[in-house]
Amino acid sequence: MKIGFIGCGNMAQAMMGGMIRNKLCAPGDITVHDISPTAEERARTDFGVSAVETNAEVLQNCQLVVLAVKPRFYEEVLREIAPEVQEDKVILSIAPGKSLAWIEEIFGGQKLPIIRTMPNTPAMVGEGITAVCPNEQVCPEMLDMALEVLGCCGKTEVVPEYLLDAVVAVSGSAPAYVFLFIEAMADAAVAEGMPRNQAYSFAAQAVLGSAKMVLDTGKHPGELKDMVCSPGGTTIEAVQVLEETGFRSSVMQAMRACAEKSRSI
């Protein structure tokens, strides 16, 4: 399988690393181009992939091409590569806010296989989750190929396109919320006298273990929360303060703002 990347940022490199670790393809089967020589050289050095001089060459050499550039550069890049896109090429987008219809329009209305996705940064450690939305020109074999590529970095879920802005809020941007939560818990532990590195370790492992309990047990998060809250105990005291200070409401409002921003990009 020949796979190309237009853009060599963090998400692209997470995907490259996942594919190579899982032996989905050899480094020589991956072709990249980035306007930043530094990013391109890093990809070549870290993964042994092949670099070419133009975006058009990526299209010429590869069956599946990942558009891994910032959303503000999408239109420019799409117009540049449009003459090279053919029906046997699969275009995989990882940009928020750029709909399938918008991408198809920039490509001149051509009936081309396009898959819109929303990954997240835990893909860098093989624990990402990616929402996947194909257009009507993507056949089952093409979708399976994309799912195999994306699955090298974690879990995948096929979703209807109208849910992708919600996906941005609940998983695409969510690692930032979790990092803030871990940092806040660690700060509080430091205030109680715990060394900083140890505080981060305890806070991060508590989040990791709690998430695993949700996924592995299948229990409702509220039920798992109740299991920790003993009558008259320490945990329910903390939960009461979180409720009084609007913890859940703050999270919901933040996610709503995130989804709205995604829709407006």
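Quick caveat: nothing in here was measured; it's all calculated off a predicted structure. (Residues numbered from 1 in each chain as written. Predicted model: local features only at pLDDT ≥ 70, side-chain atom pairs only at ≥ 80, totals over all residues. Heavy atoms only, no water.)

1. What to know about the overall build of the chain
Looking only at helices and strands, the chain has 12 helices and eight strands in total. Projected onto its principal axes, the C-alpha positions of the chain cover 70 × 40 × 30 Å. Sorting the 265 residues of the chain into buried and exposed places 39% on the buried side. Restricting to contacts in the chain with at least 6 residues of sequence separation, those with at least 24 account for 63%. Carbon and sulfur atoms provide 57% of the accessible area of the chain, an area that totals close to 14600 Å². Taken together, the 21 basic and 33 acidic charged side chains of the chain have centroids lying 3 Å from each other. (Helix = DSSP H or I, 4+ residues; strand = E, 2+ residues; numbered from the N terminus. Buried < 20%, exposed > 50% of the residue type's maximum accessible area, 1.4 Å probe, protein only. Contact = heavy atoms within 4.5 Å. Areas by Shrake-Rupley, 256 points an atom, 1.4 Å probe, with all protein chains shown as cover. Lys, Arg positive; Asp, Glu negative; His and termini not counted. Charge placed at Lys NZ, Arg CZ, Asp CG, Glu CD.)

2. A short note on the nonpolar core
By size, the foremost hydrophobic cluster in this structure holds 35 residues, and its most contacted members are Phe5, Met16, Met19, Ile30, Leu64 and Val66. At the level of secondary structure, the elements contributing two or more residues to this core comprise β1 (3-6), α1 (10-21), β2 (30-33), α2 (37-47), β4 (64-67), β5 (90-93) and α6 (140-151). Filtering out sequence-adjacent residues up to four positions away, Phe5 remains in contact with Ala12, Met15, Met16, Met19, Ile30, Thr31, Val32, His33, Val58 and Val66. (Core = buried A, V, L, I, M, F, W, Y, C linked by side-chain atoms within 4.5 Å.)

3. Comments concerning the layout of surface pockets
To find leftover empty space, one rolls a probe the size of a water molecule over the atoms. Taken as a whole, the second largest pocket holds about 950 Å³ of empty space. Taken together, 39 residues form the lining of the second largest pocket, with Ala68, Val69, Lys70, Pro71 and Ile94 sitting closest to its centre. Taken together, the residues that form the lining of the second largest pocket break down as 23 nonpolar, 11 polar and five charged. (1 Å grid on protein atoms, 1.4 Å probe; cavity = no way out; pocket = protein on both sides within 12 Å on 5 of 7 lines; lining within 4 Å. Points joined across faces, edges and corners; volume = space filled by probe spheres on them. Nonpolar A, V, L, I, M, F, W, Y, C, P; charged D, E, K, R; others polar.)

4. Section: the pattern of salt bridges
Throughout the structure, instances matching the rule amount to 11 salt bridges. Across the pair Glu223 and Lys219 runs a salt bridge, and its minimum N-O distance is 3.5 Å. We note a salt bridge from Arg263 to Glu260, for which the minimum N-O separation is 3.0 Å. One end of the pair, Arg263, and the other, Glu260, are both in helix α12 (residues 247-264), three residues apart, so they sit about a helical turn from each other. (Salt bridge = Lys/Arg side-chain N within 4 Å of Asp/Glu carboxyl O.)

This is a description of form; function is not addressed.
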